[in-house]
Amino acid sequence: MISISFVSLTVLLLNLVSVSPTLASPQYGSLAGLSAREWNELIPRLNQVDPPNPPGPLEYNGTKLVHDRAHPFKAPREGDIRGPCPGLNTLANHGYLPHNGVATPSQIINAVQEGFNMEHGTAVFLTHAAHIVDGNLVTDLLSIGEKTKNTGPDPPAPAIVGGLNTHAVFEGDASMTRADFFFGDNHSFNQTLFDQFVDFSNRYGEGFYNYTVAAELRFQRIQESIATNPQFSFIAPRYFTAYAESVFPVNFFVDGRSTERKLDMETATLFFRDSKYPTDFHRAAQPSGAEGVEVVFMAHPIAPGRNLDNKVNNYVLDPTSADFNTFCLLYTNFVNQTIRGLYPNPTGILRRNLIKNLGFFYSGIADAGCEEQFPYGRL
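Residues numbered from 1 in each chain as written. Predicted model: local features only at pLDDT ≥ 70, side-chain atom pairs only at ≥ 80, totals over all residues. Heavy atoms only, no water.

J.: So what exactly am I meant to see when it comes to the pattern of salt bridges here?
T.: Two side chains bearing opposite charge may form a pair once their charged atoms approach each other closely. Per the counting criterion, the structure on display carries 16 salt bridges. Lys147 serves as the salt-bridge partner of Asp154, at 2.6 Å between the closest nitrogen and oxygen. According to the relative accessible area criterion, Asp154 is buried, its value standing at 2%. Residue classification places Lys147 among the partly exposed residues on the basis of a relative accessible area of 31%. A salt bridge links Arg203 to Asp199; the nearest nitrogen and oxygen atoms lie 3.1 Å apart. (Salt bridge = Lys/Arg side-chain N within 4 Å of Asp/Glu carboxyl O. Buried < 20%, exposed > 50% of the residue type's maximum accessible area, 1.4 Å probe, protein only.)

J.: Even after reading the chapter, I still don't get the state of the cysteines, so can you show me in this structure?
T.: Put plainly, a disulfide is one covalent bond tying together the sulfur atoms of two cysteines. A complete count under the given rule lists one disulfide for this structure. Between Cys328 and Cys370 runs a disulfide, and the two sulfur atoms are separated by 2.1 Å. Between Cys328 and Cys370, the S-S torsion sits near -90 degrees, and that sign places the bridge as left-handed. Of the two residues, Cys328 is situated in helix H11 (residues 327–342) and Cys370 in the segment after helix H12 (348–363); the sequence distance between them amounts to 42 residues. Taking the relative accessible area as the measure of exposure, Cys370 reaches 5% and is therefore buried. (Disulfide = S-S within 2.5 Å. Helix = DSSP H or I, 4+ residues; strand = E, 2+ residues; numbered from the N terminus.)

J.: It is not clear to me how the sheet that holds strand S4 (residues 233–234) should be interpreted in this structure. Could you clarify?
T.: Reading across the sheet, the three strands line up as S4-S6-S7 and stay open at both edges, with antiparallel pairing between neighbours. Edge positions in the open sheet fall to S4 and strand S7 (315–317), since each of these has one partner strand only. (Pairing = 2+ DSSP bridges.)

J.: Would you mind going over helix H8 (residues 238–252) with me for this structure?
T.: Two residues of an α-helix separated by three or four positions point the same way, owing to the 3.6 residues in each turn. For H8, which comprises 15 residues, the first-to-last C-alpha distance of 20 Å matches the rise-based estimate of 21 Å (1.5 Å per residue) to within 8%. At Ser246, H8 shows its maximal bend, which comes to roughly 30 degrees, and the proline Pro249 appears one to four places after that position. Taken across its 15 residues, H8 has 14 buried, putting it largely inside the fold. (Expected span 1.5 Å × (residues − 1). Bend = angle between axes of the 7 residues up to and from the residue.)

J.: I would appreciate a short explanation of the packing of helix H5 (residues 120–134) against H11 in the present structure.
T.: When two helices pack together, their arrangement is given by the angle between their axes and by how far apart the axes lie. The interhelical angle for the contact between H5 and H11, taken along N-to-C directions, is 25 degrees, at an axis separation of 11 Å. Classified by the angle their axes make, H5 and H11 are roughly parallel. Seen from above, H5 lies across H11 with left-handed handedness. Across the interface between the two elements, Phe125, Ala129, Ile132 and Val133 from H5 touch Phe327, Phe334, Thr338, Ile339 and Leu342 from H11. (Axes fitted to C-alpha atoms, helices over the stretch in contact; angles between N-to-C directions. Parallel < 35°, antiparallel > 145°, perpendicular 65-115°, else oblique. Left-handed = near helix turned anticlockwise from the far one by under 90°. Contact = heavy atoms within 4.5 Å.)

J.: What am I meant to see in the packing of aromatic side chains here?
T.: One pair of aromatic rings is described through two measures. These are the centre distance and the angle between the planes. Using the criterion set out here, one finds 35 aromatic pairs in the structure. A ring pair is formed by Phe271 and Tyr277, whose centres lie 6.0 Å apart and whose planes are at 85 degrees; its orientation type is edge-to-face. A relative accessible area of 1% places Tyr277 in the buried class. Over the face of the ring belonging to Phe208 we find Lys262, whose NZ or CZ atom lies 4.2 Å from the ring centre. (Phe/Tyr/Trp six-rings, centres within 6.5 Å; stacked < 30°, edge-to-face > 60°. Lys NZ or Arg CZ within 6 Å of the ring centre and 35° of its normal.)

J.: In this structure, what is going on with H12? I would like to understand it.
T.: Taking 1.5 Å as the rise per residue, H12 with 16 residues should run 22 Å; its terminal C-alpha atoms sit 23 Å apart, in good agreement. Looking at the buried side of H12, the elements it contacts are H5 and H11.

J.: How should the nonpolar core be read in this particular structure?
T.: Soluble globular proteins: nonpolar side chains tend toward being buried together. With 89 residues, the main nonpolar core has Phe197, Tyr209 and Tyr243 as its most contacted residues. Residue contributions to this core peak at nine residues, all from H8. Apart from residues no more than four positions distant in its own chain, Phe197 is found in contact with Met176, Tyr209, Leu217, Leu263, Met265, Ala268 and Phe272. (Core = buried A, V, L, I, M, F, W, Y, C linked by side-chain atoms within 4.5 Å.)

J.: How do you make sense of the packing of helix H3 (residues 86–93) against helix H4 (residues 105–116) when you look at a structure like this?
T.: Packing of H3 against H4 brings their axes to within 10 Å, and their N-to-C directions diverge by 90 degrees. It follows that H3 is roughly perpendicular to H4 by the angle criterion. Of the residues in H4, those touching H3 at Gly87, Leu88, Thr90 and Leu91 are Ile108, Ala111, Val112, Gly115 and Phe116. Tallied by class, the residues present in the contact of H3 with H4 amount to six nonpolar, three polar and no charged. (Nonpolar A, V, L, I, M, F, W, Y, C, P; charged D, E, K, R; others polar.)

This is the structure we're talking about:
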């Protein structure tokens with residue numbers, strides 16, 4: 001059986017990807033061309049931030065009006081960043097996150113709790129997982145979408161600091177409403193895929209999206225990617241995020257006053273297409289994570305794997321990938337392989353902030369039975 005506590009804590013775990021850095025001015029871009037001496041000289045001129053401890057749980061964690069006068073919808077302006085997550089996009093459009101789409105981990109943790117009632121440990125774990133790989137650890141800033149100079153100059157490659165649009169990190173193949181990276185735009189709303197979302201809701205949910213619909217649509221999207229994407233990859237962490245992504249609309253986009261866990265299509269359209277709260281929207285009635293994942297997975301179980309040899313319909317299982325029974329492998333690989341690969345020899349402020357963020361990251365799963373890893377030592 002799947003451990004729901006593990007699943008709810010692993011939905012945004014990241015893995016290492018290859019991104020070609022672009023050499024630019026010291027104000028922006030990868031500084032991979034700089035020597036260690038030049039990097040150390042630049043560090044003092046950056047906006048160095050000593051990352052604070054994560055915010056605590058909500059004082060009141062029941063349902064309440066979140067589309068209120070203090071949080072009206074404001075469409076993105078030119079230059080504002082939005083990304084592959086309709087939930088984060090909505091929070092930025094309603095002012096729970098900075099409107100420009102660049103935020104600190106603390107701002108994101110507060111926002112997902114306040115705006116959607118995400119469970120506290122899950123919020124801390126997921127946010128710091130994303131930040132360690134895609135954010136700027138010196139300035140403590142993360143883009144919810146594309147790479148931007150607004151997070152500050154990058155540490156040297158192979159660090160990414162690419163924002164949440166980076167393929168196979170936050171974003172991954174077989175999304176419900178975004179196309180696979182292989183086909184081009186992997187982060188914008190895709191009307192054709194959303195039409196399929198609506199069709200499956202009509203066929204399996206009597207016009208509503210629920211866990212039953214989620215199970216059928218998740219399986220369909222996996223099969224479509226196997227059949228059309230020669231570079232399809234469905235291993236950890238995407239293996240976990242895909243299933244969690246399937247239940248999030250039920251857990252977070254349904255009005256908290258409702259006693260039925262089903263999402264109507266008008267509300268779904270507002271969130272997925274417009275990144276907008278419905279009028280008079282109330283957040284979930286209790287802190288939530290990835291409840292329902294077991295239902296989705298068990299309907300059509302599939303093991304981690306990928307299409308090999310750049311061929312479609314060539315899905316081969318990957319026994320080295322973590323699955324729902326090996327959560328601690330996912331955690332240790334993330335820390336000892338992914339992060340060490342991105343930051344092989346950090347020093348000074350960068351090392352300090354890595355150690356602190358890895359500690360925050362682990363705090364979200366401290367009760368999961370995994371041994372904490374210290375790849376850069378302790379402070």
